[in-house]
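# Examination of the molecular architecture
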Amino acid sequence: MKKLTLFAIMATLMATAMTSCSGEQNKFQWQIDSFDDIKVLRYQVHGFEELPLQQKELIYYLNQAALWGRDIMFDQNFKYNLAVRRTLEAIYTSYQGDKECEEWAKFEKYLKKVWFANGIHHHYGNDKFAPEFTEEYFVNELVAKSNTELFPTEAFGSKEALLDVIVPVMFDPALYPSRLVQAGVDDVLKASSMNYYEGLTQKEAEAFYAGMAAINDPRPISYGLNSKLVKKDGKIYEQTYKVGGMYSEALEQIVYWLEKAAGVAEEPQKSTILKLVEYYKSGNLRLFDEFNIAWTKDTASPVDFVNGFTEDYGDPLGRKGAWESIVNFKSVEASRRTELISDNAQWFEDHAPINPAFRKAEVKGVSAKVITAATLAGDAYPATPIGINLPNADWIRKEHGSKSVTIDNITEAYAESAKGNGFDEEFVLRKEDRERINKYGSIGDNLHTDIHECLGHGSGQLAPGVKGGELGKYSSTLEEARADLFGLYYLGDEKLVELGLVPSFDVAKAQYAEYIMNGMMTQFSRIELGKDVVESHMQNRKLIAEWCYEQGKEENVIEWIKQDGKTYVVVNDFEKLRELFGKMLYEVQRIKSEGDFEAGKALVEKYAVKIDPELHKEVLERYASLNIKPYSGFINPIYTLVEEDGKVVDVKIEYPLSYIEQMLYYSENYSNLPTIN
Ligand code: ZN
């Protein structure tokens, strides 16, 4: 997995309506818009003001380089996206009719969806949007009462010719129904309306690239990553994305701003940026590899970025890179947290509640880098990942490794905006639990994840003669359980208070209450009725919660409570529960260390898989009644250079409040591609 999506890391999010300990942040308005199945949020760039001027300036230039790529993504998604978007925007800004009526609201909603998806197909589901207003209203009312001189007619010759194309594109459900179809059809290129191929069949495209990669090349070039493949007059050829080639107008701007960035960057980052520029100018993929290697090796520069044709999910043949950019800098505060944990790795190992024979004599904690996003663009905007792991070329990953980061301020925005969505009120029975979760939920989630990642997976050792792999298909669930238990156990340890990572045991109480509730019931909201739990992180949570429930039954550590026809699960004894986590860790570590397949299988099969259908149905119904939007995206802050006597003296950051304004602003100021490319 190259991108960590929200869905992939629900482990620490969802189901635990997340919260933060800081009352300060309540004043910040996280959610600024909501329509259809989407909510639009803002994120805060903590620490930007405190950065040295040089880093701020670097971020400013990288931010400009990012914003100029927006049109590319629209065009890559579908060849008429820019024509539709520009026409809709012309109408939106010049229509002289009634803007109070329901039809106009439907039109505005459609435009918001097109902006969000970077085109006329859903960003996640890939299906074409069906406008809720009529074709008749569009043509006879909106078009008729708008300034058609603003319409993007240049590629079509006339307004009529433009409408002849885009009206069926928008309104005929049979035309271009899906952006991406990857299976179940004779020809995935014919079935998909993405704009990476034109005029040729799947077979022809596959044959074109099949002959390219040299057999046994240990460092294979990612052929096709930065081009559109076209068949015209019987000839198949690539239109390469480069300065002087396809998307030249946008890439020239990107290059211009990257060169500015290189001008203020320090080595080795300066050379890395210039390598990227060289690649954009030539289209030479070998240079892109060289850039990626330099980029991967540079783990020291505080400011970092992604900028390029990157992820191939939008190509049914998995070859073409969607343009994206994320500008970021290291989060000092959050990274301090993981460094502190990492620095004390040996102490945690030495005190782990496991058989001393299975403790590692010498343990090295992993210090996961945590970053703050400063700008999101292209494929990463407005919908964005909460973690990145790049580059994608397998041979580079093997020879040079990769960079894996989590984006703290995006996670924070998701968590903060989930506050008050009614989840806690619906599922957390006791007021004291709700209050603790509200106060300590986020810090508990983050620390649990940190310990899980930095220490949990790396802890312990195998018994002599055990090779690993003995646990077969149960291994990933048991491994996740081992890492989670390590985190849960230590979250309630005095040591964390001593290290200054938590104020008190209350953080553990908040996390324990959430974790048990999630494992035993609320996580089922993401599983279809009648299905089992199959995903390993979800199995692990159910396994831990159910096992502790049973082990603590006599002492009533965890309790099911029925109230007003609703089911709740509560923790009565947090200290005892922590002991149970330790006891279970002892056993799960033993199973791993000894490679005890039968014991591992018994645990997973008994506790982790089957859901009580009555409870499952109830959870689904209660969750649906909350009406929580399934998709989120973000608008960016605005950066402005402050100059005195022609010299940059500061960079200002502002947080705009309007989704519509940002979209129109970008279209006005960062849009120079032809309507048809
Ligand atoms: Zn894990």
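Residues numbered from 1 in each chain as written. Predicted model: local features only at pLDDT ≥ 70, side-chain atom pairs only at ≥ 80, totals over all residues. Heavy atoms only, no water.

## Some words on the overall build of the chain
Quick reminder of the rule: We count a stretch as a helix when DSSP gives it H or I for four or more residues in a row; a strand needs E for two or more, and each element gets its number in order from the N terminus. Burial here depends on accessible area, computed with a 1.4 Å probe over protein chains only, as a share of the maximum for the residue type. Under 20% is buried, over 50% is exposed, and the range in between is partly exposed. Every accessible area reported is derived by Shrake-Rupley at a probe size of 1.4 Å, with residue values counting cover from the shown protein chains alone.
When you go through the chain residue by residue, the secondary structure sums to 25 helices and 16 strands. With respect to the three principal axes, the spread of C-alpha positions in the chain is 80 × 60 × 55 Å. Counting all 677 residues of the chain, 57% fall into the buried class. A total accessible area of about 28,000 Å² is found for the chain, and carbon and sulfur atoms account for 49% of it.

## Digging into the side chain of E89
Note the following rule: Between N or O atoms, a polar contact is any pair within 3.5 Å; within protein, one atom must be a potential hydrogen donor and the other a potential acceptor, and residues adjacent in sequence are included only when both atoms are from side chains. We call two residues in contact whenever any of their non-hydrogen atoms come within 4.5 Å of each other.
Structurally, E89 can be placed in helix α3 (residues 81-94). With relative accessibility at 8%, the residue E89 sits in the buried group. Of the polar contacts made by the side chain of E89, one reaches the side chain of S667; its length is 2.5 Å. The contacts of E89, once residues within four sequence positions are left out, are R70, L111, W115, M663, L664 and S667.

## Points about the coordination of the zinc ion
Threshold: Donor atoms are limited to N, O and S found within 2.8 Å of the metal ion, a distance that becomes 3.2 Å for Na, K and Ca. With water left out, some sites might look partial.
Here the zinc ion is held by the protein donor atoms H452 (NE2), H457 (NE2) and E480 (OE), which lie 2.1 to 2.2 Å from it. For the zinc ion, all donor residues lie on one chain, and their spacing in sequence is H-x4-H-x22-E. In this pair, H457 sits in the loop between α17 (431-456) and α18 (475-491) while E480 sits in helix α18, placing the two residues 23 residues apart along the sequence. Given a relative accessible area of 12%, E480 falls into the buried group.

## Considerations on the environment of Y280
Assignment of secondary structure puts Y280 in helix α10 (residues 269-282). Sequence separation between Y280 and I254 is 26 residues, and the spatial gap between their C-alpha atoms is 8.8 Å. Beyond its immediate chain neighbours, meaning those up to four positions away, Y280 contacts K242, V243, L251, I254, V255, L258, N307, G308, F309 and W323. A distance of 2.6 Å separates polar atoms of two side chains, one belonging to Y280 and the other to N307. Within the local environment of Y280, its side chain forms a polar contact with the backbone nitrogen of G308, the two atoms lying 3.4 Å apart.

## Here we look at the sheet that holds strand β14 (residues 631-635)
The line we're drawing: Being paired, for any two strands, means DSSP has found at least two bridges between them. Each axis is a line fitted through C-alpha atoms, taken for helices only over the stretch in contact, and angles between the N-to-C directions span 0 to 180 degrees.
Spatially, β2-β3-β14 is the arrangement adopted by the 3 strands of the open sheet, whose pairing is mixed. The open sheet has two edge strands, β2 (31-35) and β14, and neither has a second partner. With direction set aside, neighbouring strand axes in the sheet form an average angle of 25°. Bridging between strand β3 (residues 38-42) and β14 involves 5 bridges; their strand directions are parallel. Its bridge partner being in β14, V40 is matched across the sheet by G633. Each of β3 and β14 is contacted by helix α15 (residues 408-418), which is oriented at about 120° to β3, the strand it contacts most.

## Here we look at the nonpolar core
What counts, and what does not: Remark: nonpolar core denotes a set of buried residues (Ala, Val, Leu, Ile, Met, Phe, Trp, Tyr, Cys) joined through side-chain atoms within 4.5 Å. Segment limits for the domains were obtained from an automatic or database-derived domain assignment.
With 129 residues, the main nonpolar core has F107, F138 and Y280 as its most contacted residues. No other element matches helix α9 (residues 248-264), which puts 9 residues into this core. When residues are assigned to domains, this core turns out to be shared by domain 1 (6-18 + 27-35 + 331-349 + 421-634) and domain 2 (71-179 + 638-669), each giving three or more. Formed by 74 residues, the second largest nonpolar core is a distinct cluster that contains M521, F524, V569 and F574.

## Describing the domain arrangement of the chain
Our working definition: A quick way to say it: buried area is the sum, across both parts, of accessible area lost when two parts are put together, with a 1.4 Å probe. Salt bridges are identified by distance alone: a Lys or Arg side-chain nitrogen within 4 Å of an Asp or Glu carboxyl oxygen. When residue character is reported, Ala, Val, Leu, Ile, Met, Phe, Trp, Tyr, Cys and Pro are called nonpolar, Asp, Glu, Lys and Arg charged, and the others, Gly included, polar.
Split into domains, the chain comes out as domain 1 (6-18 + 27-35 + 331-349 + 421-634) and domain 2 (71-179 + 638-669). A separation of 43 Å is found between the C-alpha centroids of domain 1 and domain 2. Listed as interface residues are 9 residues of domain 1 and, on the opposing side, 10 residues of domain 2. Summed over both partners, the interface of domain 1 with domain 2 comes to about 910 Å²; 75% of that surface belongs to carbon and sulfur atoms. Considering only the surface of domain 1 that becomes buried against domain 2, I32, F35 and Y631 emerge as the three largest contributors, covering 58% of it. Where domain 1 touches domain 2, the interface holds 1 salt bridge. The partner of K112 in a salt bridge is D33, with the nearest N and O atoms 3.1 Å apart. Tallied by class, the residues present in the side of domain 1 that touches domain 2 amount to 5 nonpolar, 3 polar and 1 charged.

## Comments concerning helix α8 (residues 202-210)
Where we set the bar: When we speak of the arc, we mean the arc of directions from the helix axis to the C-beta atoms.
Considered for burial, the residues of α8 that qualify are Q202, A205 and Y209. What you see down the axis of α8 is that its buried residues fit within an arc of 70°, all on one side. Of the exposed residues in α8, the ones pointing more than 90 degrees away from its buried face are K203, A207 and A210. Where the residues of α8 are buried, they touch α7 (188-191), β4 (197-198), β5 (227-232) and β6 (235-240).

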